[in-house]
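# Results of the structural survey
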Amino acid sequence: MSDVKTKKLINEPEDIVAEAIEGMVLAYPDMLSLEGATGRAVVALDGPRDGKVGLVTGGGSGHEPLFAGYVGRGLMDAAAVGNVFASPSPEHIMDAARAVDGGAGVMFLYGNYTGDVLNFDMAVEECRENGIEARSIAVNDDVASAPAESAEERRGVAGNFFVFKVAGAAAEEGRSLKDCEAAARNALSRTRSMGVALSACSLPQTGKLNFEIGHDEMEVGMGIHGEPGMRRGTLKKADDVADELIDTILNDIKLSQGDSVSVLVNGLGATGQLELFILYRRVAKRLKDIGVSIHKSWVGEYATSLEMAGASISLMKMDDDLKKLLDAPCQSPCLTVAGALAPRGKHTLRMAKAAADVATIDRSQLIGDGAVTPDVFRDAMLAVAQVITDKRDWLSELDGVIGDGDHGVTMDIGWSAVRDALADVGDETISQISNRMAKAFLDAVGASTGPLYSSAFKAAGAKVENRLNLDASAMVDWIDGICSGIVSRGGAKLGDKTMIDAWSPAVEQARQALNGGADLIACLDAACIGAKKGRDHTAELESKRGRSKKLGERSVGHVDPGAASAHVMLVAMKDSIKNTI
């Protein structure tokens, strides 16, 4: 992969999301506000009100105007903004939910990606714990990412546009939560999308293209995070590209003469309207040829992938209710449909954030045997954080081959938050430190990694909650907790080509060493050996989970980045403990 750095108009990479949100709210002071302690909930000034269903969307930055660009009257009431190409965390989402709750329930709408599903599901659980009825819809309109019989596995791409518009109009009309959900699901069931990429994009933190593509090539079926598509081929003329996209969509949606559709021709970030209108011209001709009329159309950038060149086509098959809802007036930074909107209504804050309980632990009742004291453990975690920072670009490059190229960046953000959280731990036990790490990681990261490692740290802490210090047996139990926590939250199993393929053999090898009488360092050495073997074995596996699953056989031959980072973490932990005790 090229070492040439891309150019971006940014200040510090770690500040890009906060500064972009600040700029957006300043640019639209009559439409938007920023709510909540996380600074990641963009809320419509004229949206939430008493008696109305609250609508929350969210996703990773880098897809602008998706997601916050659709926050406004008659559309989404709020958006939870994640890091670049990473889902918002449950706390980001809850800040948005608290801001829009009008007493009629809250509905979450987001793209169908592992991280988004995990984080929004956690937010739904928290809403229900607070007595708020909540529903969740994962948009899955990308026909290139899975066959029709596995439609539930499809990605959410530019078709979010139609689902957001319909749901927003239904809520604005005063429909119940049940009926808003029904309208949104009807729109989703009738929406199909497919795209093509002509160039790669680059993460601001790395400045490196997240995949390579030849000057005369195109990637058909590319995802909006740079995930490889159905196939790579020689670049064709615009009409031929449009035909391939529209043929695939039409084969899936099954239109008949006399049907009506709405059309979105969407630019992915670096393809201008000059080219997009050429694509639309062909789409309109193809639809006319089969006797299908166009109800509404939009051409422009509505769901992008940073600076990626390329485009996507989305069709929504219309019915009378969808026509009514699509035509309803709305106003947001990126989408306005003309028409009269009712005066702004009253909104009462209902769902306040509960204060966290602080547990008191009687340290005299804890087992004190073992060389790994809380201070030694804390230093080991800080060592892990530093090594993850050092390995960030390498881990992202591994991810760029079979994913979206952000794994190293995401892990670095999470572990940097852990580093900050451990700056002042006071007189905490290892279990308490683990719980502190869990919260810091989850609040900072979101994505799929956030919930997975948050659950891992919590489970690991629970395994040693009766310990003050860790001996060899307790250390193996802590590593076992990491593995079981990830499995319980994400459901991956050995052989799926995930981080579990490193953590599981690490536990197995460490347990075998312990049963053979090995000391603490020998058990950690065994864990590292097991993790390395598991990491290397992932190159022989076809991915069964996550974004790389869409690659099928194309994922073989490449190491899983999650397994690689698991090995990095274990080695750093072992080296720190070995050098300290």
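Our structure's up above, just so we're on the same page.
The notes below deal with the structure included here.

About the thresholds
Residues numbered from 1 in each chain as written. Predicted model: local features only at pLDDT ≥ 70, side-chain atom pairs only at ≥ 80, totals over all residues. Heavy atoms only, no water. Pairing = 2+ DSSP bridges. Helix = DSSP H or I, 4+ residues; strand = E, 2+ residues; numbered from the N terminus. Core = buried A, V, L, I, M, F, W, Y, C linked by side-chain atoms within 4.5 Å. Buried < 20%, exposed > 50% of the residue type's maximum accessible area, 1.4 Å probe, protein only. Contact = heavy atoms within 4.5 Å. Salt bridge = Lys/Arg side-chain N within 4 Å of Asp/Glu carboxyl O. Arc of directions from axis to C-beta. Polar contact = N/O pair within 3.5 Å; in protein donor to acceptor, adjacent residues only side chain to side chain. Axes fitted to C-alpha atoms, helices over the stretch in contact; angles between N-to-C directions. Parallel < 35°, antiparallel > 145°, perpendicular 65-115°, else oblique.

### Some remarks on the pairing of strand 11 (residues 293–300)
The pairing of strand 10 (residues 260–267) with strand 11 spans six bridges and is classified as parallel. Paired with Asn266 across the bridge in strand 11 is Gly300.

### Considerations on the nonpolar core
Core analysis: the largest hydrophobic core is formed by 71 residues, its most contacted members being Trp415, Tyr453, Trp478, Trp503, Met573 and Ile577. Residues contacting Trp415, with those up to four places away along its chain left out, are Met381, Val384, Ala385, Ile388, Met437, Phe441, Phe457 and Met569. Listed in part, the 67 residues of the second largest apolar core include Ala68, Tyr113, Ala170 and Met316.

### Re the pattern of salt bridges
Using the criterion set out here, one finds 43 salt bridges in the structure. Residues Arg98 and Asp95 are paired through a salt bridge, measuring 2.9 Å at the closest nitrogen-oxygen approach. Residue Arg98 and its partner Asp95 are located together in helix 2 (residues 90–100), separated by three residues, close to a single helical turn. Of the two residues examined, Arg98 and Asp95, each falls in the buried class. A salt bridge links Glu173 to Arg175; its shortest N-O distance comes to 2.6 Å. The class of Glu173 is partly exposed, set by a relative accessible area of 40%. Under the relative-accessibility criterion, Arg175 is labelled buried at 17%.

### Description of helix 8 (residues 320–327)
Within the span of helix 8, buried status applies to Leu322, Leu325 and Leu326. Along the axis of helix 8, the buried residues cluster in a sector spanning 100°; they form a single face. Against the buried residues of helix 8 lie helix 4 (160–172), helix 5 (177–189), strand 10, strand 11, strand 12 (310–317) and strand 14 (336–337). The N-terminus of helix 8 is capped by Asp319, whose side-chain oxygen sits 3.2 Å from the backbone nitrogen of Asp321.

### Some thoughts on the packing of helix 12 (residues 430–445) against helix 13 (residues 449–463)
Running from N to C, helix 12 and helix 13 cross one another at 175°; their axes reach a closest spacing of 8 Å. Put simply, helix 12 runs roughly antiparallel to helix 13. On helix 13, the residues touching Ser431, Ser434, Asn435, Met437, Ala438, Phe441, Leu442 and Val445 of helix 12 are Thr449, Gly450, Pro451, Tyr453, Ser454, Phe457, Lys458, Gly461 and Ala462.

### Details of the sheet that holds strand 5 (residues 106–111)
Within the open sheet, the six strands sit side by side as 1-2-4-3-5-6. Their pairing is mixed. In the strand order of this sheet, the two ends are held by strand 1 (32–35) and strand 6 (134–139), each with one partner. Taken over all neighbouring pairs, the strand axes of this sheet differ in orientation by 25° on average, direction set aside. Two elements, strand 2 (residues 41–44) and strand 4 (residues 78–84), share three bridges in a ladder whose sense is antiparallel. Bridge pairing links Ala41 to Ala80 in strand 4.

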